[in-house]
Structures are given as structure tokens and as C-alpha cells.
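What follows is each chain in one-letter form.
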Amino acid sequence: MFKNILKVLTIGLASLGIMASSGVLAAPADNGIKVVYHIDDNTRSDNLLRNVKNHLDASPGVKIVVVGHGKGIDFMLKNAQDANGNPYDVAMQSLATEGVEFRVCNNTLKSRKLTADAVAYPATIVPSGVAEVARLQAKEGYVYLKP
């Protein structure tokens, strides 16, 4: 009887080895992981974009939403540039091709007397940045990160 149990275990382990080497047991891409990056400070824009890119490189398939309010929306406005004169919208568009979404707080736009026309593509407008961060966490299971 012990011999039969050992034989079954050996066959089972061998089957697992074949499945693992064929990729059947390979860990899936992080398609189930969802992250909201929260930004409210324009001095953190470069760090945020670098963190998002590094996150995508380390975890292909991760779902990322960037939500800005207050001064955190500055890099998502038309003609915004980093300290070297590189347009932020180019970086955002590149990340958007990898599935990253950018969302701008409408309350901030209103308080700064800006219209939707001020927002650079691919960013979209949400009613409230902080409410959006809370909704993504509470209702959609997003993990919160703030660079």
C-alpha cells in the first residue's frame, strides 16, 4: 500500500513539473491588482510618473489610475512641462498606452477658474479627486499609493 501511495505521489509531482515547465502553473500577470496613485503636490509629478512606469515594468498587467487634486493636477494640464522642458502629456500618453488612466479633480478646476479645455489628453475629469480616491478603494478594491 505504501508503495502505491509513493507511486501516486511521484506521478503527481512529475505531472506538476511538466505543467510548471509548460507555463500552465506560471503565476499570472498582475491583472487582478488595481492601484490608485494619489497626487496633490506638483513637486511630486516626476516621482509619480517614474513610480508608475517602474510599477508597470515590474508588474505587467497591473491596473493603475492616477488621481490628482489641488496642485497635483498641474502636470495634467495642457502645455505642462517638467524642469527640462519635456511635455508631461507625452509621458502620460505613453503610460496610457499601457492602460494607465489619469483623472483630474473638477473641484480643483473650478476653484482655480479652469475649464475642461485646460486638461491635457489623456486625462479625464472626475467630480472630486478625494471622493474618486475613496470610491476606487472602497467600491473597486484599489490599493492606495502616494509617492
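Described in the following lines is the structure provided in the data block. Bear in mind the structure is a predicted one, so any value in this text is a computation, not a measurement. (Residues numbered from 1 in each chain as written. Predicted model: local features only at pLDDT ≥ 70, side-chain atom pairs only at ≥ 80, totals over all residues. Heavy atoms only, no water.)

**Considering helix 3 (residues 88-96)**
Working step 1: Turning to helix 3, its buried residues are Y88, M92 and L95. Looking down the long axis of helix 3, one finds its buried residues gathered within 65 degrees of arc, a one-sided arrangement.
Working step 2: Residues of helix 3 that are buried make contact with helix 2 (45-58) and strand 3 (101-105). (Buried < 20%, exposed > 50% of the residue type's maximum accessible area, 1.4 Å probe, protein only. Helix = DSSP H or I, 4+ residues; strand = E, 2+ residues; numbered from the N terminus. Arc of directions from axis to C-beta. Contact = heavy atoms within 4.5 Å.)

**Comments concerning the sheet that holds strand 5 (residues 143-145)**
Working step 1: Strand order in this open sheet of five strands is 4-3-2-1-5, and the pairing throughout is parallel. Both outer strands of the open sheet, strand 4 (124-126) and strand 5, are each paired with one neighbouring strand and no more. Between one strand and the next, the sheet's axes are offset by a mean angle of 30 degrees, whatever the strand orientation.
Working step 2: Against the sheet, helix 5 (residues 129-140) touches strand 1 (34-39), strand 2 (63-68), strand 3, strand 4 and strand 5, its axis set at about 155 degrees to strand 2. (Pairing = 2+ DSSP bridges. Axes fitted to C-alpha atoms, helices over the stretch in contact; angles between N-to-C directions.)

**Things to note about the pattern of salt bridges**
Working step 1: Throughout the structure, instances matching the rule amount to nine salt bridges.
Working step 2: Two residues, K53 and D57, come together in a salt bridge whose shortest N-O distance is 3.1 Å. Within this pair, K53 and its partner D57 are both found in helix 2, separated by four residues, close to a single helical turn.
Working step 3: Classification of K53 as partly exposed rests on a relative accessible area of 32%.
Working step 4: Assessed through its relative accessible area of 49%, D57 is described here as partly exposed.
Working step 5: Of the charged contacts in the structure, one is a salt bridge between R135 and E140, with a shortest N-O distance of 2.4 Å.
Working step 6: Since its relative accessible area comes to 31%, E140 is described here as partly exposed.
Working step 7: Through salt bridges with shared partners, one network takes in K63, E101, R103, E132, R135 and E140. (Salt bridge = Lys/Arg side-chain N within 4 Å of Asp/Glu carboxyl O.)

**A look at the side chain of S128**
Working step 1: As for its position among the elements, S128 is in the loop between strand 4 and helix 5.
Working step 2: Those residues in contact with S128 that sit more than four places away from it in its chain are C105 and N107.

**Structural notes on the environment of A83**
Working step 1: Considering the arrangement of structural elements, one finds A83 in the loop between strand 2 and helix 3.
Working step 2: The class of A83 is exposed, set by a relative accessible area of 81%.

**Describing the pairing of strand 2**
Working step 1: Of all the six residues making up strand 2, five are buried; the element is thus mostly covered by neighbouring parts of the structure.
Working step 2: Of the strand pairs in this sheet, strand 1 and strand 2 are connected by six bridges, and their pairing is parallel. Pairing of Y37 across the sheet is with V66, part of strand 2.
Working step 3: At this point the chain moves from strand 1, through helix 2, to the parallel strand 2, and the crossover so formed is right-handed.
Working step 4: Bridge count for strand 2 against strand 3 is four bridges, and the pairing is parallel. Within strand 3, the residue paired with V65 across the bridge is E101.
Working step 5: Read as a crossover between parallel neighbours, the route from strand 2 over helix 3 to strand 3 is right-handed. (Right-handed = clockwise from strand over helix to strand, strands pointing away.)

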